[in-house]
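The chain contents come next:
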Amino acid sequence: MVLLIAILLIYHHHEEAKKAAAAKVRPAGITITTVTAQKGDIGVYLDAIGTVTPVYTSAITAQVTGIIVGVHYTEGQRVAKGDALIDIDPRPFRATLLQAEGALERDQNLLAQAQMDLERYTEAWAHNAIAKQILDDQEKLVKQDEGQVKNDEGTVQFDQVQLDFCHITAPIAGRVGLRLVDPGNVVQSAGTTTLAVITQLEPITVIFTIPEDSLDAVQVRLRAHAKLSVDAFDRTALKNIASGQLLTLDNQIDTTTGTVKGRALFPNTDDLLFPNQFVNTRLLVNTLQGVTLVPSSAIQQNGQASFVYVIQENVAHMRSVKAGVTNAGITQVDGVNPGDVVANSSFDKLQDNIAVVVSNKPATASGNAQATGSPAP
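Everything numeric here is computed off the predicted structure, so don't read it as measured data. Counting of residues starts from 1 at the beginning of each chain's written sequence and follows it residue by residue. A pLDDT threshold of at least 70 governs which residues receive local features in this predicted model, and a stricter bar of 80 or more applies before side-chain atom pairs are shown or counted, although totals over entire chains, interfaces and linings include all residues. Note that water and hydrogens are dropped before the side-chain values are worked out from all heavy atoms of the structure.

Draft legend 1. How the structure looks around the overall build of the protein. Runs of E in the DSSP output that reach at least two residues are strands. Runs of H or I that reach at least four are helices, and both are numbered from the N terminus. Within the protein, the regular secondary structure consists of four helices and 23 strands. Against the 2.2 N^0.38 benchmark of 21 Å for 377 residues, the protein shows a C-alpha radius of gyration of 42 Å, more extended than a compact globule. Dimensions of the protein, computed from C-alpha atoms along their principal axes, come out at roughly 170 × 55 × 35 Å. Exposed residues in this analysis have more than 50% of their type's maximum accessible area, buried residues have under 20%, and partly exposed residues fall in between, with area computed by a 1.4 Å probe over protein chains only. Classification of the 377 residues of the protein by burial places 37% in the buried group. Between the two quantities, the radius of gyration covers C-alpha atoms and the globule rule is 2.2 Å times the number of residues to the power 0.38.

Next up, the structure:
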């Protein structure tokens, strides 16, 4: 009996040891959620801070001296090219123009008289009725009168321009700012007083910076005549305000920042972009096609190394991956294949070769994402 009891105790202890070893290798009961790696396209973006800059901004100043007799715009008004803005008293300039026109008319008649005399002298010279000197003098007199007429014509044109300056019109289409002058104000032709400011809103541009290390990738796309899209976001970088296209790059790198300026053009038909507004920009540089995509939350870090847990037959297997570009919670990775099921929760309990219980059907990663920033290390 003692021997039998000893054998039973030994057997029981052996079975308990086997169960403990099995539980240590593959404990059950860790509940996880999973996601399936997918094959898709993802874009590579460059993020930067930009400033909304109008294509044209016109600060209007007076070109003649006079009294303002009319202001024809209202604050914030949308004006078209050629619309009346401000009138300066034109009466002194009309009088000056009238004097110039009178001098021109007088000298034109003097020229006509000299030309008639020249015709008579030419005929008389043909009959040897006058000396050659008289004919030559008359020819030069005609030339003098012609020069005087040209001088008068220039004076008339100049006075006409001065008169036109009294009626100020919009040089561009856009939006007028706050009123800066009132009727009765005296303006000077040599003064620096701004009478009105017009800013073009449609279309409008955004100027942003591109790191010099990323310049080659952008230039390669531009040389291929690719149309690179640019998105403008608000200060929180969450709301997409507008979408446009890269227009051009600056011709030199700023040595203090190591960046080059880029200008993007936006239609801005809804006026969501406002001049001098700060925005966050995202420039699409390239699109990676046919790559493996997983949710960013499924990727774990161990120092500089990245890894995921691949689930096979309800067992988690640690697998090293190389993370690439990321956007909207989706990351491009190398190291797993499309169709692989990876863990997406309970990472504080997961270990290599541990048994798991999947609580949901495998969700799928987005197969057509767009990325922001540069590839992760």
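Alright, that's what it looks like, and here's the rest.
Draft legend 2. Expanded view of helix α2 (residues 91-126). The terminal C-alpha atoms of α2 lie 53 Å apart, and with 36 residues this matches the ideal 52 Å at 1.5 Å per residue to within 8%. Those residues of α2 not exposed but buried are Phe93, Leu97, Ala100, Leu104, Asp107, Leu111, Ala114, Leu118 and Ala124. Here the buried face of α2 lies against α3 (132-165). Multiplying 1.5 Å by the helix residue count minus one yields the expected span of that helix. The contact criterion used throughout is that any non-hydrogen atoms of two residues lie within 4.5 Å.

Draft legend 3. Molecular detail of the sheet that holds strand β10 (residues 186-187). In this description, strands pair whenever DSSP reports at least two bridges between them. Pairing within the open sheet is antiparallel, and its four strands lie in the order β8-β7-β5-β10. The sheet is open, and its two edges are formed by β8 (167-169) and β10, each paired on a single side. Relative to β10, strand β5 (residues 66-71) runs antiparallel, the two sharing two bridges. The residue bridging isoleucine 67 from the neighbouring strand is valine 186, located in β10.

Draft legend 4. Examining unusual backbone geometry more closely. In this chain, glutamate 202 is followed by proline 203 through a cis amide linkage whose omega measures -5°. In this structure, proline 203 sits in the loop between β11 (194-199) and β12 (204-211). For aspartate 271, which is not a glycine, the phi torsion comes out positive at approximately 60°. By the element assignment, aspartate 271 lies in the loop between β15 (259-266) and β16 (278-295). Judged by relative accessible area, which is 31%, aspartate 271 ranks as partly exposed. Of note in the backbone geometry, asparagine 353 takes a positive phi value of approximately 65° without being a glycine. Mapped onto the elements, asparagine 353 comes out in the loop between β21 (341-343) and β22 (354-358).

Draft legend 5. The arrangement of the sheet that holds strand β9 (residues 174-176) in detail. Ordered by their spatial adjacency, four strands build an open sheet running β4-β11-β9-β6, and the pairing between neighbours is antiparallel. Of all the strands in the sheet, just β4 (57-61) and β6 (78-79) have a single pairing partner and so form its edges. Here β9 runs beside β11; their pairing, made up of two bridges, is antiparallel. Considered in β11, the bridge of arginine 175 is made with threonine 199.

Draft legend 6. How the structure looks around the pairing of strand β3 (residues 38-54). Of the strand pairs in this sheet, β3 and β16 are connected by 13 bridges, and their pairing is antiparallel. Paired with valine 44 across the two strands is asparagine 286, which belongs to β16. Across five bridges, β3 lies against β12 in antiparallel orientation. Following the sheet pairing, proline 54 is matched in β12 by isoleucine 204.

Draft legend 7. Here's a closer look at the nonpolar core. The nonpolar core is taken to be a set of buried Ala, Val, Leu, Ile, Met, Phe, Trp, Tyr and Cys residues, with the residues joined through side-chain atoms within 4.5 Å. By size, the foremost hydrophobic cluster in this structure holds 31 residues, and its most contacted members are Leu85, Ile86, Ile88, Leu195 and Ile198. Looking at this core, the element that brings in the most residues is α2, giving seven residues. The residues touching leucine 195, leaving out its near neighbours within four places in the chain, are Ile60, Thr61, Ala62, Tyr73, Ile86, Ile168, Leu180, Val181 and Val187. One finds Val206, Ala226, Ala232 and Leu249 within the second-largest nonpolar core, a separate group that totals 25 residues.

Draft legend 8. How the structure looks around the layout of surface pockets. Put simply, the largest pocket is a space of about 200 Å³. Along its surface, the largest pocket is lined by Pro54, Thr57, Arg175, Val176, Gly177, Val197, Thr199, Leu201, Phe274, Pro275 and Asn276. Residues were grouped as follows: Ala, Val, Leu, Ile, Met, Phe, Trp, Tyr, Cys and Pro as nonpolar; Asp, Glu, Lys and Arg as charged; and all remaining residues, including Gly, as polar. Looking at the lining of the largest pocket residue by residue, the classes come out as six nonpolar, four polar and one charged. A pocket, in this scheme, is an open set of points on a 1 Å grid over the protein atoms alone with protein on both sides within 12 Å along at least 5 of 7 lines, while a cavity is a set where a 1.4 Å probe fits but cannot get out; residues line either one if an atom lies within 4 Å of a point. Grid points are joined across faces, edges and corners, and a volume is the space filled by probe spheres set on the points.

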